[in-house]
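Structural overview for review
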Amino acid sequence: MDRRNFIKTSLAAGALTGNRAQALPVLAPGEISPDEIRKARFPKDFLWGTATAAFQVEGAWNTDGKGESIWDRFAHTPGSIAGGATGDVTCDQYHRFNEDIALMKRLHQKSYRFSISWPRVLPQGTGAINQKGLDYYRRLTDALHEAGIRPFCTIYHWDLPQALEDRGGWPNRDMAGYFADYAGLLAKHLGDRITVWAPFNMPWYFTHDGYCIGDSAPRKRDARLFWKAVHTVALAQGQAFRALKAASSNATVGSAFECEPAVPKTDSAADIAAAADFDAYHNRFFLNAAMRGEYPAVDHDLLGFKPGDEKIMKVPLDWIGVHYYLRLIVSSNAAVDSLDPMSRLHVELGSQGPKPPGGWEMWPNAFYDMLMTLSRDYNHPIIEITESGTHFPDTLPLSEQLHDSARVEWYKQHLAALARAMKDGARVRAYHVWSLLDNLEWRAGFTRRYGLAHVDFATQARTVKDSGLWYGRVAETGRLAD
Ligand code: IFM
């Protein structure tokens, strides 16, 4: 039963008995009350935004001198992506960014989180700049400023130049220096337009999935390579922080971390420890590398750790980027691969909360809890919600995709949790919906739609969904209820 029917039924039950107390809406487990949603308020200067990533929206995969990325190679290998999809065209934002920025403006947006394609700027990953590639990001950021929208730049959202993968990819420690040079170069050339930089998007995910599980580009399945990659990325995060600051005195630097609250499946000591492990690795590995210069207990030989590395990793991030999508239920598991900490855990989706057809369980209080915990553990940092959203399948009839009341409900619930966290002291200054547009969802291709605007990939027509119109009103008024 969806929330509306649930409330309707509960109200009817109250009306029949004539009992005023029973006439209050009965909430589904995990649900936030309509009253709290109605009362939620956001500050006038709150940065309402949306997020995308280069490979998922730009297209123009080999236009104007762009080099090949590992995701181009992955997508062009038959059988890799659902429906044989590729990033060759996807939303064609490379040619349509003005239209997309007009759409953001129409929805009263104040921030746009996008990523720069490394091989568009440096086709070989190092060496000569591709001027046309750099100019694209100049035009994009100029247009954002003209529309009064803050450009928020993710430097690495997974599309490594293939040429660098051919030199060993992230397991190669030299990559930390190449990445820092690239970050410094971006700040030197674009620092007059961009002040907010996230070196990495979801560093645990791309190292684990790409080098340990092998489900994503570059499709390596070797826990030893994975640990080397992890350490290089932690060093790169620290070195890029310094390179950005050195090249641009206005740079404010954080990173965008996947934060999926882990709930122990039972109250057994083993499940509680499993959930804590999930949090330490999946959620906080790179956050603690930066903020504390430390890792959980990991064999330093596996990492290729050298004396002094803890100082390179450690940088005082100016803000923390938090992605929130869902909570996970974690229990302990017999290890399948002793070198992969995730193989000791069994992870499943929550199922107690309301769950729209084809969507995920909603449990917005987990978002509240995550924000309060991070605020407490890192001394009340500034937080940017760098991604948050939910997908629905491509198979829904078009009218249901456009009139997406379940997505509106999802945002209402989660933004009410966010408003409460801010009221209780979390210093959140921005929220970025994932995503502005339906786009290429990595291995799932075009089968999962996350956008506030529907994209017809045959014609490139963008149609704002009900959720987009609703989010535009929220951005305009700072309130969740009409
Ligand atoms: O599409 C992705 C994005 O690239 C990274 N974070 C999660 C999103 C939804 O799966």
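Residues numbered from 1 in each chain as written. Predicted model: local features only at pLDDT ≥ 70, side-chain atom pairs only at ≥ 80, totals over all residues. Heavy atoms only, no water.

It is worth spelling out helix α18 (residues 405-423) at this point. With 19 residues, α18 extends 27 Å between its outermost C-alpha atoms, agreeing within 8% with the 27 Å of an ideal straight helix rising 1.5 Å per residue. Most of α18 is tucked away, with 15 of its 19 residues classed as buried. Positive phi appears at G425, one or two residues downstream of α18, with a value of about 115 degrees. (Helix = DSSP H or I, 4+ residues; strand = E, 2+ residues; numbered from the N terminus. Expected span 1.5 Å × (residues − 1). Buried < 20%, exposed > 50% of the residue type's maximum accessible area, 1.4 Å probe, protein only.)

Moving on, we come to the site of the ligand. Close contacts around the ligand come from Q56, H157, W158, N201, M202, Y325, E387, W434, E441, W442 and Y450, and that covers them all. Contact between the ligand and H157: an oxygen atom at 2.8 Å from a side-chain N or O atom of the residue. In the environment of the ligand, an oxygen atom lies 2.6 Å from a nitrogen or oxygen atom belonging to the side chain of E441. Taking 280 Å² as the accessible area of the ligand by itself, protein coverage stands at 91%. In terms of residue class, the shell around the ligand is built from six nonpolar, three polar and two charged. (Near = heavy atom within 4 Å. Polar contact = N/O pair within 3.5 Å; in protein donor to acceptor, adjacent residues only side chain to side chain. Areas by Shrake-Rupley, 256 points an atom, 1.4 Å probe, with all protein chains shown as cover. Nonpolar A, V, L, I, M, F, W, Y, C, P; charged D, E, K, R; others polar.)

Turning our eyes to something else, we now look at the pattern of salt bridges. All told, the structure shown has 28 salt bridges when counted by the stated rule. Ionic pairing is found between E36 and R420, a salt bridge with its closest N-O pair at 2.6 Å. With E36 in helix α2 (residues 34-39) and R420 in helix α18, this pair connects stretches of sequence that are 384 residues apart. Its relative accessible area of 22% is what places R420 among the partly exposed residues. (Salt bridge = Lys/Arg side-chain N within 4 Å of Asp/Glu carboxyl O.)

Here the focus is the side chain of N288. Position of N288 among the secondary structure elements: in helix α13 (residues 285-292). Not counting residues within four places of it along the chain, the set of residues in contact with N288 comprises G293, E294 and Y378. (Contact = heavy atoms within 4.5 Å.)

This part is about the sheet that holds strand β7 (residues 262-264). The strand order β7-β9-β10 describes an open sheet built from three strands, whose pairing is mixed. Looking at strand neighbours, the two that pair on one side only are β7 and β10 (345-349), the edges of this open sheet. Strand-to-strand, the axes of this sheet are offset by a mean angle of 35 degrees, without reference to chain direction. Both β7 and strand β9 (residues 328-332) contribute to a ladder of three bridges, which runs parallel. (Pairing = 2+ DSSP bridges. Axes fitted to C-alpha atoms, helices over the stretch in contact; angles between N-to-C directions.)

Scored by pLDDT, the protein has a mean of 95; 95% of the residues are at 70 or more. Predicted confidence is poor over residues 1-21, with pLDDT under 50, and the contacts of this stretch with residues over four places away or in other chains come to 22 contacts. (pLDDT = per-residue confidence, 0-100.)

Their axes nearest at 10 Å, the elements helix α5 (residues 93-106) and helix α7 (residues 131-146) cross at an angle of 10 degrees. One finds that α5 runs roughly parallel with respect to α7. The segment α5 lies against α7, with Q93, Y94, F97, N98, I101 and M104 engaging K132, Y136, R139, L140, A143 and L144. A per-class count over the contact of α5 with α7 returns eight nonpolar, two polar and two charged. (Parallel < 35°, antiparallel > 145°, perpendicular 65-115°, else oblique.)

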